[in-house]
Amino acid sequence: MKITVIGTGYVGLVTGTCLAEVGNDVLCLDLDVSKIQTLKEGGIPIHEPGLLEMVQRNVAAESLHFTTSIEESVAWGQIQFIAVVTPPDEDGSADLQYVTAAARNIAKHMTDYKVVVDKSTVPVGTADKVRAAITEELARRGANIPFAIVSNPEFLKEGAAVEDFMRPDRIVVGSEDDRASTLMRDLYAPFNRNHDRVIVMDIKSAELTKYAANCMLATRISFMNELANLADRLGADIEQVRIGIGSDPRIGYHFLYPGCGYGGSCFPKDVQALIRTADSIDQPMKVLNAVEEANDAQKRILLEKIRSKFGADLKGKKFALWGLAFKPNTDDMREASSRVIIQGLWDMGATVTAYDPVAMTESKRIFGNDARLAYADTPMQALEGADALLIVTEWKEFRAPDFAQIKAALKTPTIFDGRNMYTPAHVKEAGLEYFAIGRR
């Protein structure tokens, strides 16, 4: 099948590349000339394990192509995926200007039947706006060309997006057009060899499913964080509590790990967008408002522990920080806890030396050349001259450090662990003071 994907961000590039991997002829459109040039030269603009090799393989096989030409992209595929950004508007609602612009561009150049697929995470009712935009443009042209709208939300985890696409646990298709539904089933047939993972539903239900999934996961995280904070005060161990409740099959173990808050491009944005959607129809989401409030507070939990240990005046103190990305296996720092923590340390007068395996370039783009933030080439180098160590991202290379070496390097042998990576007793045996999230 010939497929067009509009947008080459996380969702668009992974979608286009994985569809090419199973034999489709895919053209990816982006209006960012430098990004398309990077892709044509064999690079990728994001860090995602396994993606670079897959892009290069399919470009070499001439099954994956890139363009900045809207007219070419519309003519290319019968199925047109819209995978553009939907950034939060000033009030937290999703900004759909790029989605509707993409729809209008399709309508301006289409000459035959198209299936327009909303792949971006969009609020309920977006398909109606896309349909209206296309209808309006076709009417302006005086053209009577059939088309169908489909909602096909993505369920990709940054850091595991390629694996998630190639081995999906479900493929949600919101469609009310039989021809479009058949085409989407045909498109995803290579991903259904073991069993049928396609779930066809009405469009609005598909749109809501994506938000509901992310908001449910964010709720579990914030609830566990609040339980961990309570455990701190009560003298309980949240790790034992996690095992105790996770063993209940109705609850399970997934997303029960407390820490210093969630971030990224999905959870914060989607929680806010669903809250705003509900508010717009006078159906407030009380639980989600609490989830957002709890997460905002949780990003400052390590700062509170630091203040309790060292006081509010940190002038002259330096902190080593391990982990800048919002999660492992990505360089994404959008809404990352590290950003709040670094700014909080600066506000109290401290300086920071940070290490992250892949996100330091992104951090330099965000913070610029601020002298209060330095970067180290290795985790241990970050400890040189530091008063204490903060762990903000649970990268694998941080799992089994030499605690004796850490103790020797720090002025004050103290670890503030925002991801509960270590067993408290082991750290204390090494002579380090250990502050985690809800651990005894």
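As a starting point, this report considers the structure included with it.

How each quantity is defined
- Residues numbered from 1 in each chain as written.
- Predicted model: local features only at pLDDT ≥ 70, side-chain atom pairs only at ≥ 80, totals over all residues.
- Heavy atoms only, no water.
- Salt bridge = Lys/Arg side-chain N within 4 Å of Asp/Glu carboxyl O.
- Buried < 20%, exposed > 50% of the residue type's maximum accessible area, 1.4 Å probe, protein only.
- Pairing = 2+ DSSP bridges.
- Helix = DSSP H or I, 4+ residues; strand = E, 2+ residues; numbered from the N terminus.
- Axes fitted to C-alpha atoms, helices over the stretch in contact; angles between N-to-C directions.
- Phe/Tyr/Trp six-rings, centres within 6.5 Å; stacked < 30°, edge-to-face > 60°.
- Lys NZ or Arg CZ within 6 Å of the ring centre and 35° of its normal.
- Contact = heavy atoms within 4.5 Å.

## A closer look at the pattern of salt bridges
- Summed over the entire model, instances satisfying the criterion amount to 27 salt bridges.
- The salt bridge involving Arg372 is made with Asp370; its shortest N-O contact spans 2.9 Å.
- Accessibility expressed as a relative area gives 34% for Arg372, which makes it partly exposed.
- The network of salt bridges with common partners includes Arg104, Glu136, Glu137 and Arg140.

## Comments concerning the sheet that holds strand E7 (residues 171-175)
- One open sheet accounts for 8 strands, arranged E3-E2-E1-E4-E5-E6-E7-E8; its pairing is mixed. Sheet topology places strand E3 (64-67) and strand E8 (198-201) at the edges, where each strand pairs with a single neighbour. Ignoring which end each strand starts from, the neighbouring axes of this sheet average 25 degrees apart.
- Inspection of the sheet shows strand E1 (residues 2-6) paired to strand E2 (residues 25-29) by 5 bridges, in the parallel sense. Opposite Val5, over in E2, you have Cys28 as the bridge partner.

## As for the packing of aromatic side chains
- Overall, the coordinates contain 13 aromatic pairs when judged by the stated rule.
- Relative to Phe267, the ring of Tyr262 has its centre 5.8 Å away and its plane inclined at 80 degrees; by these criteria the two rings are edge-to-face.
- Since its relative accessible area comes to 12%, Phe267 is described here as buried.
- Through pairs of rings, three or more aromatic residues link up here, namely Phe310, Phe319, Phe416 and Phe435.
- Sitting over the ring of Phe155, Arg170 keeps its end group 3.8 Å from the ring centre.

## Describing the sheet that holds strand E12 (residues 388-391)
- Pairing in this open sheet of 6 strands is parallel, and the strands run E11-E10-E9-E12-E13-E14 from one edge to the other. Single-partner strands in this sheet number two, and they are strand E11 (373-375) and strand E14 (433-435). Strand after strand, the sheet turns through a mean of 20 degrees between neighbouring axes, direction not considered.
- Two strands pair when backbone bridges link them, and strand E10 (residues 351-355) and E11 are joined in this way by 3 bridges, in the parallel orientation. Within E11, the residue paired with Ala354 across the bridge is Tyr375.
- Packed on one face of the sheet, helix H13 (residues 301-310) meets strand E9 (318-322), E12, strand E13 (414-417) and E14 and runs near 155 degrees to E13.
- Packing against the sheet, helix H15 (residues 360-367) makes contact with E10 and E11, and its axis sits at approximately 160 degrees to E11.

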